[in-house]
Amino acid sequence: MRVQFTETVLRDANQSLMATRLPYADFEPVLSTMDKAGYYSVECWGGATFDSCLRYLGEDPWERLRNIRKNMPNTKLQMLLRGQNLLGYKHYHDDVVEKFVELSIKNGIDILRIFDALNDFRNIKTALEATKKYGTANTIASGCISYTQSPVHTVSKYVEMCKELQAMGFDTICLKDMAGTMSPYEAEHLIKGIKDAVGDMPLILHTHCTTGMAYQTLTKAIDSGIDVIDTATSCFSNGTSQPATETMYYALSQYGIETGLNEKVINEVNDFFKPIKQKYVDDGTLNPKSMATDAQALVYKVPGGMLSNMIANLKDMDAMDKFDAALAEIPAVRADMGYPPLVTPLSQMVGSQAVTNVLMGERYKVISKDVQNYFKGEYGIAPAPVDAALEKRILDDAGMAAPVDCRIEDSKRTGEDFEAAKAALGELAKTEEDVMSYICFPKQAEDYLKARKEKEERTCKYTMEAID
Ligand code: CO
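Residue numbers restart at each chain and count upward from 1, following the sequence in its written direction. With the structure being a predicted model, the display of local features is reserved for residues of pLDDT at least 70 and the display and counting of side-chain atom pairs for 80 or more, all residues being used for whole-chain, interface and lining totals. Excluding hydrogens and water, the side-chain figures rest on all heavy atoms present in the structure.

**Student:** Hey, could you run me through helix α15 (residues 323-336) in this one?
**Tutor:** The α-helix winds at 3.6 residues per turn, so residues separated by three or four positions along the chain end up facing the same way. Between the first and last C-alpha of α15 there are 20 Å, a value that for 14 residues agrees with the 20 Å anticipated at 1.5 Å per step. Taken as a whole, α15 carries its principal kink of about 25° at Glu329; the proline Pro331 stands between one and four residues after it. Remark: exposure states derive from per-residue accessible area (1.4 Å probe, protein chains only) relative to the maximum for the residue type, with buried under 20%, exposed over 50%, and partly exposed in between. Numbering of helices and strands runs from the N terminus, with a helix taken as a DSSP run of H or I at least four residues long and a strand as a DSSP run of E at least two residues long. Buried residues of α15: Phe323, Ala326, Leu327, Glu329, Ile330, Val333, Arg334 and Asp336, and no others. We call two residues in contact when some of their heavy atoms are within 4.5 Å. Where the residues of α15 are buried, they touch α13 (296-300), α14 (304-316), α16 (346-360), α17 (369-375) and α18 (388-397). For a helix, the expected span equals 1.5 Å multiplied by the residue count minus one. The seven residues ending at a residue and the seven starting there each receive a fitted axis; the angle between those axes is the bend at that residue.

Spelled out as structure tokens, the structure:
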């Protein structure tokens with residue numbers, strides 16, 4: 001029996017524990033060691049890393065990827081892509097999505113894990129097709145399902161989703177339990193059901209330790225036939241991050257389960273990261289709260305991040321007496337919206353609408369712009385029918401007869417986005433990658449590119465003085 005590992009320290013562990021603030025320079029020295037560990041893949045790019053590089057770290061995300069590639073020539077490099085949203089929060093046109101995928105592969109990505117917040121797979125089709133078009137024999141398109149619990153999210157619904165991903169042409173399937181609420185029982189039934197339906201197509205489980213169940217869930221998942229698990233080197237594991245790589249390695253070795261991992265190397269990787277972690281604990285970047293177990297999500301059926309956010313908001317507004325009402329309102333709003341998975345950006349939308357409903361003393365007296373756009377169809381199709389009266393009210397107010405089909409707008413291939421971004425940047429843009437950064441995060445990319453130019457000019461001036 002064989003179970004392989006995806007190491008997440010560079011992306012999800014970094015994102016979950018320390019808001020993606022790990023600079024490239026910190027981990028460069030360990031990359032050649034990680035290259036010898038025998039991981040299935042290293043998740044190192046996508047998610048919030050792109051935004052964080054430009055916004056906080058003064059780094060070019062593309063350059064980071066090329067450097068990782070150079071230092072890890074033998075390991076599959078993996079990214080997380082939000083389908084039609086790429087690494088941002090809105091839908092981009094198909095030609096932009098295609099170009100982004102082309103550049104990601106060109107700069108070093110081997111595995112694209114692609115998901116849509118609503119599991120509306122029309123929103124991941126363009127990214128899949130681009131992966132097939134620009135990928136090599138080594139490239140893997142992984143279709144990813146946002147896992148959530150609701151009356152409509154049954155095992156048979158997930159099995160149908162997996163069959164659909166397989167039919168679309170994905171190479172592997174990943175179950176993404178972003179809130180860490182998948183129980184061992186659910187993992188067992190889900191994975192057995194999926195394995196029966198999709199045959200030997202590789203199945204991956206991505207979960208978080210947030211609620212404390214992840215190790216039991218992984219154990220059941222392995223018993224049930226999972227092929228790949230996501231883990232983080234132990235000093236960057238647990239809490240809101242993934243289960244620990246070495247711990248799972250030792251547990252599996254005793255059962256004779258082959259992992260392909262080199263014990264000595266995975267321990268070296270952890271030894272390297274220990275002082276780095278300590279540095280960020282000491283300076284407050286790594287909040288001890290994110291390292292703890294919080295089982296409240298299991299009690300309230302609301303992801304941990306949403307709950308702490310709601311409490312902070314209610315406290316801010318001096319309205320903690322409304323806590324119980326707001327807590328009950330979240331599942332009610334989610335039901336009205338057709339049970340969307342509570343992942344970005346929907347977790348924020350549902351949470352703030354629920355708090356608004358309670359604070360206003362009347363449900364939907366005020367409806368946020370994002371929730372209106374959701375009912376107008378701009379995000380895609382909801383998992384279950386939305387509340388008909390609410391939908392009618394929002395559409396009537398907007399003078400619309402029916403929700404829009406988001407794909408009609410997405411599929412426009414005008415090339416205009418790229419040309420406009422190129423023109424806006426002028427001489428700041430040196431490559432297609434620069435232009436793509438600007439399309440995704442205009443302000444952050446422009447600030448970064450301006451700073452880069454100033455730095456180059458300073459260097460240039462110094463050189464000329466030296467010649468004199
Ligand atoms: Co995650």
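**Student:** Which parts of the structure should I look at to understand the sheet that holds strand β1 (residues 4-7)?
**Tutor:** Two modes of strand pairing occur in sheets, parallel and antiparallel, and in both the strands are linked by backbone hydrogen bonds. For two strands to count as paired, DSSP must find a minimum of two bridges between them. Spatial ordering of the closed barrel is given by β1-β2-β3-β4-β5-β6-β7-β8, a layout of eight strands whose pairing is parallel. Put simply, the sheet's adjacent strands are angled 30° from each other on average, direction ignored. The convention used is that axes are lines fitted to C-alpha atoms, helices contributing only their stretch in contact, and that angles between N-to-C directions extend from 0 to 180 degrees. Here helix α10 (residues 214-223) sits on the sheet and contacts β7 (203-207) and β8 (228-231); the angle it forms with β7, its principal contact strand, is near 170°. Contacts from helix α11 (residues 245-254) reach β1 and β8 within the one sheet, and its direction differs from that of β1 by about 175°.

**Student:** Which parts of the structure should I look at to understand the environment of Tyr379?
**Tutor:** Relative to the assigned elements, Tyr379 resides in the loop between α17 and α18. Separated by 34 residues in sequence, Tyr379 and Pro345 place their C-alpha atoms 9.9 Å apart. The residues touching Tyr379, leaving out its near neighbours within four places in the chain, are His91, Leu118, Asn123, Pro345, Met349, Asp370, Asn373, Tyr374 and Cys406.

**Student:** What am I meant to see in the coordination of the cobalt ion here?
**Tutor:** Metal coordination angles in their ideal form are 109.5 degrees for the four-donor tetrahedron and 90 or 180 degrees for the six-donor octahedron. Metal donors: N, O and S atoms at distances within 2.8 Å, or within 3.2 Å for Na, K and Ca, with water omitted from the atom set so that some sites may seem incomplete. Protein-derived ligands of the cobalt ion are Asp12 (OD), His206 (NE2) and His208 (NE2), with the metal-ligand distances lying across 2.1 Å. Coordination of the cobalt ion draws on donor residues from a single chain, spaced D-x193-H-x1-H in sequence. Of this pair, Asp12 sits in helix α1 (residues 9-18) while His208 sits in the loop between β7 and α10, and the two are 196 residues apart along the sequence. Assigned by exposure class, Asp12 and His208 land together as buried.

**Student:** Before we go on, may I ask you to explain α11 in this structure?
**Tutor:** Thr245, Glu246, Met248, Tyr249 and Leu252 are the residues of α11 that are buried. Projected onto a plane normal to the axis of α11, the buried residues spread over an arc of 160° and lie on a single side. Where α11 is buried, its residues meet β1, α10, β8 and α12 (263-282). The directions considered for the arc are those from the helix axis to the C-beta atoms.

**Student:** Would you mind going over unusual backbone geometry with me for this structure?
**Tutor:** Most peptide bonds adopt trans geometry, and most residues besides glycine take a negative phi value. At Thr20, a position not held by glycine, the phi torsion is positive, near 60°. Checked against the element boundaries, Thr20 lands in the loop between α1 and α2 (24-27). A positive phi angle, close to 50°, is found at Leu86, a residue other than glycine. Among the secondary structure elements, Leu86 is positioned in the loop between β3 (77-81) and α6 (94-106).

**Student:** Help me understand the domain arrangement of the chain in this model?
**Tutor:** A common way to report how large an interface is uses the accessible area buried once the components associate. How far each domain reaches was decided by an automatic or database domain assignment. Domain parsing of the chain yields domain 1 (4-282), domain 2 (288-408) and domain 3 (415-467). Each of domain 1 and domain 2 has a C-alpha centre, and the two are 27 Å apart. On the domain 2 side, the residues contacting the 34 residues of domain 1 number 28 residues. Buried area between domain 1 and domain 2, summed over both chains or domains, comes out near 2,500 Å², and the portion from carbon and sulfur atoms is 63%. We define a salt bridge as a contact between a side-chain nitrogen of Lys or Arg and a carboxyl oxygen of Asp or Glu at a distance within 4 Å. Joining domain 1 to domain 2, the criterion identifies two salt bridges. A 1.4 Å probe defines the accessible area here, and the buried area is the portion of it lost by two parts on being joined, summed over both.

**Student:** Can you walk me through the pairing of β3 in this structure?
**Tutor:** Judged by how many residues are buried, β3 sits mostly within the fold: five of five residues are covered. Going residue by residue along β3, you find Leu77, Met79 and Leu81 tucked away on one face and Gln78 and Leu80 tucked away on the opposite face as well. Both strand β2 (residues 41-46) and β3 contribute to a ladder of four bridges, which runs parallel. Within the sheet, the bridge partner assigned to Val42 lies in β3 and is Leu77. Strand direction decides the pairing type here: β3 and strand β4 (residues 111-115), joined by four bridges, are parallel. Within β4, the residue paired with Leu80 across the bridge is Arg113.

**Student:** Just to check I follow, could you spell out empty space enclosed by the protein for this structure?
**Tutor:** In this approach the atoms are scanned with a rolling probe the size of a water molecule, which exposes any empty space left behind. The pocket and cavity definitions rest on a 1 Å grid over protein atoms only: a 1.4 Å probe that fits but cannot leave marks a cavity, an open set with protein on both sides within 12 Å along at least five of seven lines marks a pocket, and residues lining either have an atom within 4 Å of a point. Grid points are joined across faces, edges and corners, and a volume is the space filled by probe spheres set on the points. Enumeration according to the criterion identifies three cavities of 30 Å³ or more in this entry. Taken as a whole, the largest cavity encloses approximately 50 Å³ of empty space. Contributing to the lining of the largest cavity are Asn85, His91, Asp116, Ala117, Leu118, Asn123, Pro345, Leu346 and Tyr379. The residue makeup of the lining of the largest cavity, split by class, is five nonpolar, three polar and one charged. Lining the lining of the largest cavity are residues from two domains, each supplying at least three of them: domain 1 (4-282) and domain 2 (288-408). A volume near 40 Å³ is recorded for the second largest cavity. Considering the residues around the second largest cavity, the lining is formed by Arg82, Asn85, Phe115, Asp116, Ala117, Thr344 and Pro345. Residues are sorted three ways: Asp, Glu, Lys and Arg are charged, Ala, Val, Leu, Ile, Met, Phe, Trp, Tyr, Cys and Pro are nonpolar, and all the rest, Gly among them, are polar.

**Student:** Explain the nonpolar core to me, please; I cannot follow it from the model alone.
**Tutor:** It is characteristic of soluble globular proteins that their nonpolar side chains tend to be buried jointly. Formed by 97 residues in total, the largest nonpolar core has its most connected members in Leu10, Met34, Leu81, Phe100 and Phe273. Two domains each put at least three residues into this core: domain 1 (4-282) and domain 3 (415-467). In this view, Leu81 contacts Leu86, Leu87, Phe100, Val101, Leu112, Arg113, Ile114, Phe115 and Ala127; residues no more than four positions away in its chain are not counted. Listed in part, the 41 residues of the second largest apolar core include Met310, Met337, Leu346 and Tyr364. Grouping buried Ala, Val, Leu, Ile, Met, Phe, Trp, Tyr and Cys residues that are joined through side-chain atoms within 4.5 Å yields what is termed a nonpolar core.

**Student:** Would you mind going over the layout of surface pockets with me for this structure?
**Tutor:** When its volume is computed, the second largest pocket comes out at roughly 320 Å³. Contributing to the lining of the second largest pocket are 14 residues, with Lys90, His91, Tyr92, Glu409 and Asp410 lying nearest its centre. Of all the secondary-structure elements, those providing two or more residues to the lining of the second largest pocket are α17 and α19 (406-410). Sorting elements by how many residues they give to the lining of the second largest pocket places α19 first, with three residues. For the lining of the second largest pocket, a count of residues per class yields five nonpolar, three polar and six charged. Both domains that meet at the lining of the second largest pocket, namely domain 1 (4-282) and domain 2 (288-408), each give it at least three residues.

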